[in-house]
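Given next are the chains, with one letter for each unit.
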Amino acid sequence: MLTEVGTCPLLSVQPSRAQVDEKVQIVVMNLLPNQKVTLHSLHQSEDKDFWEAFGHYISDEYGTVTVAKDESLGGTYEGTEQMGLLWSMRPIPGSRPGLRLRKMNILTPIVIHISVYGGHLSQGFSQQTPLATSVTERWYVAPGVQRVNIRENGVRGTLFLPPGPGLYPGVLDLWGGGGGLVEYRSGLLASHGFASMALEYLGPEDLRTADVDVSYFEKAYQILQNHPKVQRDRMAMLGLSFGSAVTLSMAAYSKVIKPQCCVCISGSHVFPVDKSLFEVFEGMKKYIGRVQVNEENQVIHRNIILPIPSDPALKVDVGRIKCPLLLVNAGDDQNWASVESAEDMEMMMEKAGNRDLLTVLTYPGAGHLIEPPYSPHFRASNFILQGVKEKIVMLWGGQTKPHAYAQEDSWEKILAFLRKHLYFSSNFAVKAKL
Amino acid sequence: MYYFTAAFFNSKLRCVANLTILKQINRVDNLISLRSVSTQKRTCPLLSVQPVRGLLDEKFQIAVTNLPPNQKVTLHSLHQSDDKDFWEAFGHYVSDEHGSVTGFKDESLGGTYDGTEPMGLLWSMRPIPGSRHGLRIRKRDIFRPMEVRISVYNGHLSQGFSHQAPLATSVTERWYVAPGVKRVNIREKEIRGTLFLPPGSGPYPGVLDLWGVGGDFVEYRSALLASHGFASMALEYLTPEDLSLEDTDASYFEKAYQILNNHPMVKKDHLAVLGLSLGSAITLSMASYSKVIKPQCCVCISGSHLMPVEKSLSELFELMKSHADKLCVNEDNQVILRNLILSLPCQSAKVDVGRIKCPLLLVNGDDDQTLPAVESAEDMAMMMEKAGNRHLLEILMYPDAGHLIEPPYSPHFRATNYKLEWTKEKIVMLWGGQTKPHAYAQEDAWKKILAFLWQHLSAPVSTVTSF
């Protein structure tokens, strides 16, 4: 219908190159009034799979659709969702099952094609010609951020430095039990002014779990702390999932690791990391019977630590922690019983008298994998179990919309927390009076 | 060298209480700058530039937070051009009671710009002290962004930025192309140009983009137009060695127009011609006389109808050579071309704009020293009034803007080094304009040019052919 009339709808996506945690404004103009259109996003991952999202809209009396203001009437998201075309992405029909979207090369952007189609479509996008298309890039690193390979003293990681002469607060960034070297969160933190080191501690062949113990993490922390561009006494540790257990253990027990603050996402204090990882995993194996598998053959890992043990040897003594601690948890975490753990940690800290250091954020409806904002949600995905080398489908949990909200809100709060304790903290003033 | 100096100083400093440094803190306006500026509270300022990667014509928001209140700071921008020269701009600010400086709200109290100017750090850039004279920024590889380092310095500095360690730095990129824009080399018979296509399957309205004189072939405006949805072809008509000026006549431009109009991804007969300077003269000539070039609309920036380009360009240049004695040179040895143009025998040679049949937008600066744009516009309006097509004409006249009306936020060049086409003589050409009004003209004109193009190129075909 539109080609007969001959108007050219104008699709604008601003900014066309954004940081991963930046919002975009998507506006379509020059449509007919009250015209049915579908806004569609398409991305091809590094693994070559296609991901898409779409929303059904009706233009207003001026022939305009403004995603930030207008409601999607259906699609992969509904309601007024400015970033719905990003966080509601999922593999296109016919894709391999259990996929997860992760960018490994973060020096190049995520490229997304945003298109407007006539009518309300839910499939067959590749067979239709869109009314207009725009390409948008999303970057994990800001211009000028430097990437430095760390291979020192047996420690493996990647350090990201903000632009400029420094000095910067340092963040030791620990991913979870999936292992490998995941850089994107550190790249993003460096884009916010933190010297962030993504640490590899699980996975590479030349790093055996028997060799990764407390001293590995202490060495890593010191490498970061001693870096000429890092402020020695403005340090933090940030962990996700198993990385949280490491963070809590170090904060409680290490004489070397004394951060100004810690952040633990989707983690637990159960199974302290006070020995080698090999021994920790051996200790966990005793409880493997508690791990369940549902009808869809997805592994539910959360019960492995339930009920929360009362035996103190099985838990990090969080009463010993001396720095502010932020816990970010998902209400529907099917992988770790992080909410229950947080309740227990709160009790322990109350008893020990350091409860004032603790802040807990719990997001109802969110799942285990709380990633940077606007990342798609995966309720379950393929996973290789550590030590067992078995390929399974792990259930992470969460529903897409509340999970998206959790990612957006928690990231803002994590950044504010880090800034508060690493940039704005006035405890320097106390030391300056010496 | 700049960066080593800053890093060298900064590596000597630590953001930690230290008695020796405490003494220096009191000399807040001097010497080595520190991360904090008071003994009361040691702060690490946070500088944010949003978006950090923008299109050339996109605005950015600069904000500094976590300063002490009422702190004097300098916002500074630094860019190294493709020619390796350094350009900078700076503004003096005072933080508010919350310790913040917000670029789009606060006033610069001095520097290369003053007042509330969110984009002042870009458009007021000029070569750093000690640079070569007569410089101009021209981007050669437009698929790589322009990198600008934005920094905050302690105190109100006007020089010596490379000897100070900034309080914070951010690097921002300014891109000439949006993601997904494709570049196509056009080498068809003797026609040479570059076509930029927007992302997607098209077809797109087309723009034939004619730059002015000035040496190198310029693609960046076409790339930017493609980033806004136009299939834009930057036409080469002056520089290639195998293209002699005798051959650059009306048929050259007509062939180029046809190549664009016939391109499979261009919406047929949804074309505009856009020219700057000499390119404007060509645009007016083609729009008036050509039987082949029939655009939906035309845009002429800093142009004149007093330059006859109907025959070949070599004839035009011969004409200009023969009037070389009318070329004015001012006390600074800068060449003022406008008087030469005004002296050309024009009554018979000027373009008969009464014959133009499509909407025409003229964009002029009233301090244009290169071409008599203002006088031409007035004369054109009279001619079109007489001919009955005055309603097609729209004139944008910008007070105190000069000749080189470039995309928004580009620095202003009042005069630059130049090689005269018709004598190959190296001179300094006076373009005119004052920086702030020129910056305003660039920003406002671009918006209006885009709106004008969209209005006339995305309209239904039926309404356009009613002329």
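Residues numbered from 1 in each chain as written. Chains lettered and ligands numbered in written order. Predicted model: local features only at pLDDT ≥ 70, side-chain atom pairs only at ≥ 80, totals over all residues. Heavy atoms only, no water.

Chain B is annotated in an unreviewed UniProt entry as Acyl-coenzyme A thioesterase 4-like from Cyprinus carpio. In the Sequence similarities (unreviewed entry) part of its UniProt record, chain B is described as follows: "Belongs to the C/M/P thioester hydrolase family." (UniProt positions renumbered as here; feature names shortened; annotations may be inferred.)

An unreviewed UniProt entry lists chain A under the name Acyl-coenzyme A thioesterase 4-like, from Cyprinus carpio. One UniProt comment on chain A, placed under Sequence similarities (unreviewed entry), says "Belongs to the C/M/P thioester hydrolase family."

Helix and strand content of chain A: 9 helices and 21 strands. For a compact globule of 434 residues, the expected C-alpha radius of gyration is about 22 Å, and chain A comes in at 23 Å, within 12% of that figure. Principal-axis analysis of the C-alpha atoms places the extent of chain A at approximately 75 × 55 × 40 Å. Residues classed as buried in chain A amount to 62% of the 434 residues present. With an accessible surface of roughly 17100 Å², chain A has 52% of that area assigned to carbon and sulfur atoms. (Helix = DSSP H or I, 4+ residues; strand = E, 2+ residues; numbered from the N terminus. Rg over C-alpha atoms; globule rule 2.2 N^0.38 Å. Buried < 20%, exposed > 50% of the residue type's maximum accessible area, 1.4 Å probe, protein only. Areas by Shrake-Rupley, 256 points an atom, 1.4 Å probe, with all protein chains shown as cover.)

Below, the discussion takes up helix α6 (residues 278-289) of chain B. For the α-helix, the turn length of 3.6 residues means that residues three or four positions removed from each other point alike. Residues and elements named next belong to chain B. Taking 1.5 Å of rise per residue, the 12 residues of α6 would be expected to cover 16 Å, and the 17 Å separating its terminal C-alpha atoms lies within 8% of that figure. Buried residues dominate α6, accounting for 11 of its 12 residues. Residues of α6 that are buried include every one of Leu278, Gly279, Ser280, Ala281, Ile282, Thr283, Leu284, Ser285, Met286, Ala287 and Ser288, and no others. (Expected span 1.5 Å × (residues − 1).)

Another point: the pairing of strand β20 (residues 415-419) of chain B. All names here are of chain B. Examined bridge by bridge, β20 and strand β21 (residues 426-430) share 5 bridges and lie antiparallel to one another. Bridge pairing in β21 places tyrosine 418 opposite isoleucine 427. Here β20 hands over to β21 after 6 residues, with lysine 424 in that stretch at a positive phi of 60 degrees. (Pairing = 2+ DSSP bridges.)

On to the sheet that holds strand β7 (residues 126-127) of chain B. Two strands in a sheet stick together by hydrogen bonds in their backbones, pointing the same way (parallel) or opposite ways (antiparallel). Residues and elements named next belong to chain B. The mixed open sheet is built from 6 strands, whose spatial order is β2-β9-β8-β4-β5-β7. The open sheet is flanked by β2 (53-55) and β7, the only strands paired with a single partner. Inspection of the sheet shows strand β4 (residues 72-80) paired to strand β8 (residues 146-154) by 6 bridges, in the antiparallel sense. Bridging from a neighbouring strand, histidine 76 pairs with serine 151 of β8.

Another aspect to go through is the packing of aromatic side chains. Residues and elements named next belong to chain B. Evaluation of the coordinates by the stated rule reveals 27 aromatic pairs over all chains. Ring geometry for tryptophan 211 and tyrosine 220: centres 5.5 Å apart, planes at 70 degrees, overall edge-to-face. Comparing tryptophan 211 with tyrosine 220 shows no difference in burial state: the two are buried. Look at tyrosine 418 and tryptophan 431: their rings are 5.4 Å apart centre to centre, the planes differ by 85 degrees, and that puts the pair in the edge-to-face class. (Phe/Tyr/Trp six-rings, centres within 6.5 Å; stacked < 30°, edge-to-face > 60°.)

Next up on the list: the nonpolar core. Leu39, Phe217, Phe242 and Leu418 of chain A are the most contacted members of the largest nonpolar core, which has 133 residues in total. What phenylalanine 242 of chain A contacts, discounting residues up to four positions off in sequence, is Gly176, Gly177, Tyr201, Val273, Leu277, Val280, Phe281 and Trp336 of chain A. (Core = buried A, V, L, I, M, F, W, Y, C linked by side-chain atoms within 4.5 Å. Contact = heavy atoms within 4.5 Å.)

Moving on to the side chain of glutamate 117 of chain B. All names here are of chain B. Positionally, glutamate 117 belongs in the loop between β6 (101-102) and α3 (120-123). What makes glutamate 117 buried here is its relative accessible area of 18%. Non-local contacts of glutamate 117, meaning those with residues more than four positions away in its chain, are made with Gly103, Trp123 and Lys436.

All names here are of chain A. Summarizing the sequence annotation, UniProt attributes the feature "active site" (unreviewed entry) to Ser241, Asp333 and His368 in the numbering used throughout. Spatially, the listed residues are clustered: although they cover 128 residues, their C-alpha atoms lie within 10.4 Å of one another. Along the chain, the position of serine 241 falls in the loop between β14 (230-240) and α5 (242-253). Not counting residues up to four positions away in its chain, the partners in contact with serine 241 are Gly176, Ile265, Ser266, Gly267, Asn335, Trp336 and His368. In this fold, aspartate 333 is placed in the loop between β18 (325-330) and α7 (338-352). Ignoring any residue separated from it by four or fewer positions in sequence, one finds aspartate 333 in contact with Ser266, Arg302, Ser338, Ala366, Gly367, His368 and Trp396.

Right, let's talk about the sheet that holds strand β3 (residues 25-29) of chain A for a bit. The strand order β1-β3-β6 (chain A) describes an open sheet built from 3 strands, whose pairing is antiparallel. With one partner strand each, in any of the chains shown, β1 (10-14) and β6 (65-66) of chain A form the two edges of the open sheet.

To continue, consider unusual backbone geometry. The residue after leucine 306 of chain A, namely proline 307 of chain A, is reached through a cis peptide bond having omega -5 degrees. At serine 266 of chain A, a residue that is not glycine, the phi angle is positive and equals roughly 50 degrees. Within the element layout of this structure, serine 266 of chain A appears in the loop between β15 (261-265) and α6 (277-285). Notably, asparagine 70 of chain B is not glycine yet its phi reads approximately 55 degrees, a positive angle. With relative accessibility at 57%, the residue asparagine 70 of chain B sits in the exposed group.

Here the focus is a positive patch on the surface. Residue and element names in this part refer to chain A. Side chains of Lys255, Lys258, Arg320 and Lys322 sit close together on the surface and give a patch of like positive charge. When you line up the elements, lysine 322 lands in the loop between β17 (298-300) and β18. Given a relative accessible area of 72%, lysine 322 falls into the exposed group. (Patch = residues over 30% accessible without salt bridge, like charges linked within 9 Å, V, L, I, M, F, W, Y side chains within 5 Å. Salt bridge = Lys/Arg side-chain N within 4 Å of Asp/Glu carboxyl O. Lys, Arg positive; Asp, Glu negative; His and termini not counted. Charge placed at Lys NZ, Arg CZ, Asp CG, Glu CD.)

Here we take up the state of the cysteines. With the rule as written, the count across this model stands at 0 disulfides over all chains. Cysteine 323 of chain A supplies the cysteine sulfur nearest to cysteine 261 of chain A, a cysteine that is in no disulfide, at a spacing of 6.6 Å. We classify cysteine 261 of chain A as buried; its relative accessible area is 0%. Cysteine 298 of chain B takes part in no disulfide bond, and the closest cysteine sulfur, belonging to cysteine 358 of chain B, lies 3.9 Å away. (Disulfide = S-S within 2.5 Å.)

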